[in-house]
Amino acid sequence: MQGGRPDLILRWFDFMRISSLRGDRAFLRKLTTLTIPIALQSLLLASVSAADAFMLGRLDQNSMAAVSLATQVQFIMTMFIMADTSTGSVLASQYYGKKDEQTVGDIFNMMLRSMTVIDVMFWALCCFSPRPLMLFFTGDPVLIDIGCWYLRIAGWSYLLVGFSQCYHTVMKIPGHARMSMWISLASVLSNIVLNAVLIFGLFGAPALGPEGAAIATLISRIIELVWCVLVSMRKDYIRPNLARLLFYRKELVIDSLKIAAPVLGSALLWGVGFTSYTAIVAHMGSDAAAANSIASVVRDLICSLCNGVATAGGIILGIELGAGEMETARTDGRRLRDLSFVIGILSMVILLALTPAVVHLMKMTPEAKSYLTGMMVIQAVYMIGRCVNTVTINGVFYTGGDAIFDTYSLIVMMWCIAIPAALLGAFVFRWPVLVVYSCTCVDEVGKIPWVMIHFRKYKWLKNLTRD
């Protein structure tokens with residue numbers, strides 16, 4: 001940020017403590033090169049939910065709300081997947097920076113072994129016990145029945161999704177983020193096209209509604225995993241060594257558990273807490289559930305940028321820490337922290353600008369539309385906290401193995417403040433829907449000062465590799 005830019009903007013950057021963004025252009029260039037394909041990949045993945053919501057929303061409100069609630073099961077599954085892939089990414093990026101490729105391969109195998117347990121567990125729950133899962137989110141019998149049909153079919157895709165994410169994770173470490181993006185693009189486009197064909201019955205196909213969305217998801221996951229496996233066989237790509245697939249390295253397991261335990265704890269605290277927010281709002285009526293479904297989809301789309309920066313920044317810091325470049329990592333960590341505020345404000349502006357169009361496009365009751373408008377405005381403020389915390393915690397703290405802070409902050413802000421306030425407001429004091437929804441957004445904004453104080457302790461500045 002220099003040259004002909006107005007001095008007023010630079011003074012504003014100084015005021016917001018983001019003057020470091022005017023520094024090393026090499027870092028910004030490297031970050032941008034990684035961020036663009038990763039953010040686009042995150043956007044593509046979020047667009048699948050957006051396509052489901054939009055198409056089913058054009059069909060009827062109940063189908064949209066039911067599928068949105070059913071996919072919360074995959075959201076919880078994603079927390080387990082994230083713990084596995086985040087741990088693998090942290091260790092693999094540091095060992096890659098150390099140029100220890102055999103250990104990187106062993107880490108990949110370790111990820112695949114643990115992912116097998118995760119995939120099978122969620123497949124079994126969705127295919128054989130979908131009703132108890134839906135009862136957690138809603139008491140509406142119509143929504144439960146639709147959601148159960150969806151989960152019985154979509155559950156088969158859960159056998160595949162974890163393995164795909166392992167391949168995507170290791171693909172990005174040596175710089176193949178663009179290929180990972182192309183694979184995701186093919187998967188997403190096939191999902192969206194098949195959604196349209198199978199939901200509405202285009203080109204002579206049967207109109208299957210929500211079940212068609214589940215079948216489309218399954219087919220697209222098959223395409224994604226097959227392509228990932230084929231691409232990994234190319235030169236300069238990391239692939240699992242089948243001869244060492246069951247090879248056990250005690251020191252790697254110990255190191256991974258030290259990282260994975262707090263990461264999984266944080267992921268589950270956040271994931272179950274976030275799912276609880278959805279359940280609380282859904283129990284306030286189908287209009288509230290439908291409005292929250294759309295607001296969540298828009299939020300996930302816009303969060304693609306901060307997710308991309310967090311992942312890309314984590315890879316850069318991990319390689320620097322593994323190579324022992326501590327001062328470079330310290331400086332780049334500060335740049336990532338400062339950039340998170342810029343992304344947060346930008347995300348807030350984008351969300352507010354999209355609100356009128358989103359509300360107009362959806363086929364909803366007038367009351368649901370009024371809820372959606374209010375939720376979008378509340379969520380706009382929330383986006384600042386979400387972006388700052390995602391980049392700083394997931395992108396910086398996790399990379400140096402400093403995940404326990406996230407656990408503490410979630411226990412206090414989400415589980416001791418936000419969730420109790422939302423529960424009391426919804427079921428005891430009978431507050432209006434938008435007031436209860438505000439309670440579900442307070443945790444991310446409230447964590448910002450705490451996160452900034454912890455950042456300056458530099459507990460995340462650690463090399464996790466072994467000699």
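Residues numbered from 1 in each chain as written. Predicted model: local features only at pLDDT ≥ 70, side-chain atom pairs only at ≥ 80, totals over all residues. Heavy atoms only, no water.

Here's the deal with the pattern of salt bridges
Any two side chains of opposite charge can pair, so long as their charged atoms come close to each other.
Stage number 1. The final tally for this structure, using the stated rule, is ten salt bridges.
Stage number 2. Linking Arg221 and Glu224 is a salt bridge whose minimum nitrogen-to-oxygen distance equals 3.0 Å. Note that Arg221 and Glu224 are positioned in helix H10 (residues 210-232) at a spacing of three residues, about one turn of the helix. Neither residue differs from the other here; Arg221 and Glu224 are each classed as buried.
Stage number 3. With its nearest N and O atoms 3.0 Å apart, the salt bridge here joins Arg249 to Glu251.
Stage number 4. Within the structure, one salt-bridge network assembled from shared partners comprises Asp106, Arg249 and Glu251. (Salt bridge = Lys/Arg side-chain N within 4 Å of Asp/Glu carboxyl O. Helix = DSSP H or I, 4+ residues; strand = E, 2+ residues; numbered from the N terminus. Buried < 20%, exposed > 50% of the residue type's maximum accessible area, 1.4 Å probe, protein only.)

A few points about the packing of aromatic side chains
Stage number 1. The full count for this structure, using the stated rule, is 13 aromatic pairs.
Stage number 2. Centre to centre, the rings of Phe108 and Tyr167 are 5.1 Å apart; their planes meet at 85°, and the pair counts as edge-to-face. Of this pair, Phe108 sits in helix H5 (residues 101-128) while Tyr167 is found in helix H8 (residues 158-172), placing the two residues 59 residues apart along the sequence. For the residue pair Phe108 and Tyr167, the accessibility class agrees, reading buried in each case.
Stage number 3. Feature note: the residues Phe397, Phe405, Trp450, Phe455, Tyr458 and Trp460 constitute an aromatic cluster, connected by ring pairs.
Stage number 4. Geometry around Trp149 places Arg152 over its ring, the cationic atom sitting 5.7 Å from the centre.
Stage number 5. The ring of Tyr458 carries Arg330 above its face, with NZ or CZ at 4.4 Å from the centroid. (Phe/Tyr/Trp six-rings, centres within 6.5 Å; stacked < 30°, edge-to-face > 60°. Lys NZ or Arg CZ within 6 Å of the ring centre and 35° of its normal.)

Comments concerning the packing of helix H3 (residues 61-70) against helix H7 (residues 141-154)
Stage number 1. In the contact formed by H3 and H7, the axes pass within 8 Å of each other and the chain directions differ by 55°. In this view, H3 runs oblique relative to H7, as classed from their interaxial angle. Crossing angle aside, the handedness with which H3 passes H7 is right-handed. Facing Asn62, Ser63, Ala65, Ala66, Val67, Leu69 and Ala70 of H3, the residues of H7 in contact are Val142, Leu143, Ile146, Gly147, Tyr150 and Leu151. (Axes fitted to C-alpha atoms, helices over the stretch in contact; angles between N-to-C directions. Parallel < 35°, antiparallel > 145°, perpendicular 65-115°, else oblique. Left-handed = near helix turned anticlockwise from the far one by under 90°. Contact = heavy atoms within 4.5 Å.)

Structural notes on the state of the cysteines
Stage number 1. One pass over the structure, following the stated rule, counts zero disulfides.
Stage number 2. Cys166 takes part in no disulfide bond, and the closest cysteine sulfur, belonging to Cys228, lies 10 Å away.
Stage number 3. You can call Cys166 buried: its relative accessible area is 0%.
Stage number 4. Counting only cysteine sulfurs, Cys387 is the nearest neighbor of Cys306, a cysteine outside any disulfide, at a range of 3.9 Å. (Disulfide = S-S within 2.5 Å.)

Topic: the environment of Phe80
Stage number 1. By the element assignment, Phe80 lies in helix H4 (residues 72-97).
Stage number 2. Put simply, Phe80 and Thr169 are 89 residues apart on the chain and 14 Å apart in space, counted from C-alpha to C-alpha.
Stage number 3. Residues contacting Phe80, with those up to four places away along its chain left out, are Ile118, Met121, Phe122, Leu264 and Leu268.

Digging into the side chain of His454
Stage number 1. Relative to the helices and strands, His454 is located in helix H18 (residues 442-455).
Stage number 2. Not counting the four nearest positions on each side in its chain, His454 is found in contact with Phe397, Asp402, Phe405 and Lys459.

Focus on a nonpolar patch on the surface
Stage number 1. On the surface, Ile404, Tyr408, Ile411, Val412, Ile417, Val442 and Trp450 cluster together to form a nonpolar patch covering roughly 570 Å² of accessible area.
Stage number 2. For the nonpolar patch, the secondary-structure elements that each account for two or more residues are helix H16 (404-427) and H18.
Stage number 3. Here the nonpolar patch takes five residues from H16, the largest share from any one element.
Stage number 4. For Ile404, the position within the fold is in helix H16. (Patch = residues over 30% accessible without salt bridge, like charges linked within 9 Å, V, L, I, M, F, W, Y side chains within 5 Å. Areas by Shrake-Rupley, 256 points an atom, 1.4 Å probe, with all protein chains shown as cover.)

A few points about H8
Stage number 1. Taking 1.5 Å as the rise per residue, H8 with 15 residues should run 21 Å; its terminal C-alpha atoms sit 22 Å apart, in good agreement.
Stage number 2. Counting buried positions along H8 yields 13 of 15 residues, so the element is predominantly enclosed. (Expected span 1.5 Å × (residues − 1).)

A word on helix H13 (residues 304-322)
Side chains of residues three or four places apart in an α-helix project in the same direction, reflecting 3.6 residues per turn.
Stage number 1. Its 19 residues give H13 an end-to-end C-alpha distance of 27 Å, which sits within 8% of 27 Å, the value for a rise of 1.5 Å per residue.
Stage number 2. Most of H13 sits out of view: 15 of its 19 residues are buried.
Stage number 3. Where H13 terminates, the next one or two residues include Gly324, which has phi positive at roughly 80°.

What to know about the nonpolar core
Stage number 1. Membership of the largest hydrophobic core comes to 132 residues, with the highest contact counts inside it found for Leu151 and Leu372.
Stage number 2. With 14 residues, the top contributor of residues to this core is helix H15 (residues 366-397).
Stage number 3. Not counting residues within four places of it along the chain, the set of residues in contact with Leu151 comprises Ala70, Val73, Cys126, Pro130, Leu133, Met134 and Tyr158.
Stage number 4. Counting residues in hydrophobic clusters, the runner-up holds five residues, among them Ile280, Ala422, Val436 and Cys439. (Core = buried A, V, L, I, M, F, W, Y, C linked by side-chain atoms within 4.5 Å.)

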